[in-house]
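# Descriptive analysis of the structure
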Amino acid sequence: MVLMVMIARATDGLPLAASLQDDEQSGRGMLDYQNQAKMLFKKLTPNSPARCSIETGQYVFHYIIENDVCHLVLCERGFSKKTAFTFLEEMSSEFMSQHGHKVSQATRPYSCIEFDTYIQKLRRQYSDQRGRRHLHQLREDLNDVQRIMMENIDDVLQRGTALSDLENKATGLSSLSKSYHKDAQYLNMRSTFAKIAAGGVLTLVILLYFFVF
């Protein structure tokens, strides 16, 4: 079943909407996974897969990125992958219909939180086994789920950290390179002045030799 839903702007990870299980006890247990989802949103780049499944403990994140919006669900491992992505496609289409015009203008988290009403309705629909089979028949060709990348949450988050470290190191090397370039220019200038001064002294000595002696 779908345990958690989160929607965020892909460009900067700003959460736009979210929905947890109605059960209060389960909702409290989802806090760690909600934080993981927020970290995942921050790691997304233009080169990130548009569709991906990410294992995390006993659950799996599934997400799609469409129209600069990341739609993510947390499901039990036994939940059908095809159903999860059908759910995401359905939700993405409705979200853009209702709130697509707000995405680029949003400045505060969860500015589309009223979309939870639709998410709850969709979750109830997908929890119905008969409805789920019907949706499978209607969307038989929705996604080739075998091609959707499967990753691990720790690998994804650590990879993002490694990329960040690499960017920092590259920035540091660039600064050092500029510093060395300036030092080299200064040394070349001093060398030039030294050569000019030496030539001047030599010329003066020659003139003195001929005119004095």
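Residues numbered from 1 in each chain as written. Predicted model: local features only at pLDDT ≥ 70, side-chain atom pairs only at ≥ 80, totals over all residues. Heavy atoms only, no water.

As annotated in an unreviewed UniProt entry, the chain carries the name Vesicle-trafficking protein SEC22b-B and is attributed to Portunus trituberculatus. The record held by UniProt for the chain lists under Sequence similarities (unreviewed entry) the comment "Belongs to the synaptobrevin family." According to the UniProt record, the Function (unreviewed entry) comment for the chain reads "SNARE involved in targeting and fusion of ER-derived transport vesicles with the Golgi complex as well as Golgi-derived retrograde transport vesicles with the ER." (UniProt positions renumbered as here; feature names shortened; annotations may be inferred.)

### Some thoughts on the overall build of the chain
Of regular secondary structure, the chain possesses 6 helices and 6 strands. When the helices and strands of the chain are placed in sequence order, the string is β-β-α-α-β-β-β-α-α-α-β-α. For the chain, the proportion of its 213 residues judged to be buried stands at 37%. Pairs at least 24 apart in sequence give 65% of the contacts found in the chain among residues at least 6 apart. Summing over all exposed atoms, the chain offers an accessible surface of approximately 13200 Å²; the carbon and sulfur share of this is 55%. (Helix = DSSP H or I, 4+ residues; strand = E, 2+ residues; numbered from the N terminus. Buried < 20%, exposed > 50% of the residue type's maximum accessible area, 1.4 Å probe, protein only. Contact = heavy atoms within 4.5 Å. Areas by Shrake-Rupley, 256 points an atom, 1.4 Å probe, with all protein chains shown as cover.)

### Regarding the nonpolar core
By size, the foremost hydrophobic cluster in this structure holds 25 residues, and its most contacted members are Ile 7, Phe 87, Met 91, Phe 95 and Phe 115. For this core, the secondary structure elements donating two or more residues are strand E1 (2-9), strand E2 (15-20), strand E5 (69-76), helix H3 (81-99) and helix H4 (116-127). In terms of residue count, H3 provides more of this core than any other element does, 6 residues in total. Setting aside anything within four residues of it in sequence, one finds Met 91 in contact with Val 5, Ile 7, His 71, Phe 115, Tyr 118, Ile 119 and Leu 122. (Core = buried A, V, L, I, M, F, W, Y, C linked by side-chain atoms within 4.5 Å.)

### Looking at the packing of H3 against H4
At a closest axis distance of 11 Å, the pairing of H3 and H4 adopts a crossing angle of 155°. Viewed along their axes, H3 and H4 adopt a mutual orientation that is roughly antiparallel. By crossing handedness, the relation of H3 to H4 is classed as right-handed. For the pair formed by H3 and H4, the contact residues are Thr 83, Thr 86, Phe 87, Glu 90, Met 91, Glu 94 and Gln 98 on the first element and Tyr 118, Ile 119, Leu 122, Arg 123 and Tyr 126 on the second. Each residue belonging to the contact of H3 with H4 can be placed in one class, and the counts come to 6 nonpolar, 3 polar and 3 charged. (Axes fitted to C-alpha atoms, helices over the stretch in contact; angles between N-to-C directions. Parallel < 35°, antiparallel > 145°, perpendicular 65-115°, else oblique. Left-handed = near helix turned anticlockwise from the far one by under 90°. Nonpolar A, V, L, I, M, F, W, Y, C, P; charged D, E, K, R; others polar.)

### Notes on the packing of aromatic side chains
Applying the stated criterion to the full structure yields 4 aromatic pairs. Centroid distance Tyr 33 to Tyr 59: 5.1 Å. Interplanar angle 80°. Geometry classified as edge-to-face. Within this pair, whereas Tyr 33 is found in helix H2 (residues 31-43), its partner Tyr 59 is found in strand E4 (residues 59-66), the two being separated by 26 residues in sequence. In this pair, the class of Tyr 33 matches that of Tyr 59, namely buried. Each member of the aromatic cluster is reached from another via a ring pair, and the members are Phe 95, Phe 115 and Tyr 118. (Phe/Tyr/Trp six-rings, centres within 6.5 Å; stacked < 30°, edge-to-face > 60°.)

### Quick look at the environment of Val 2
Mapped onto the secondary structure, Val 2 falls in strand E1. In this structure, the C-alpha to C-alpha distance between Val 2 and Leu 20, residues 18 residues apart in sequence, is 9.0 Å. In this structure, Val 2 is in contact with Val 73, Leu 74, Cys 75, Phe 79, Phe 87 and Arg 123, ignoring residues within four places of it in sequence.

### Observations concerning the pairing of E4
Most of E4 sits out of view: 7 of its 8 residues are buried. Here strand E3 (residues 51-56) hands over to E4 after 2 residues, with Gly 57 in that stretch at a positive phi of 60°. Direction of pairing for E4 relative to E5: antiparallel, over a ladder of 8 bridges. Following the sheet pairing, Tyr 59 is matched in E5 by Glu 76. Joining the antiparallel neighbours E4 and E5 is a turn of 2 residues, in which Asn 67 adopts a positive phi near 55°. (Pairing = 2+ DSSP bridges.)

### Looking at the side chain of Gln 120
Within the secondary structure, Gln 120 is located in helix H4. On the accessibility criterion, Gln 120 (14% relative accessible area) is buried. Polar side-chain contacts of Gln 120 include one of 3.0 Å to the side chain of Ser 19. (Polar contact = N/O pair within 3.5 Å; in protein donor to acceptor, adjacent residues only side chain to side chain.)

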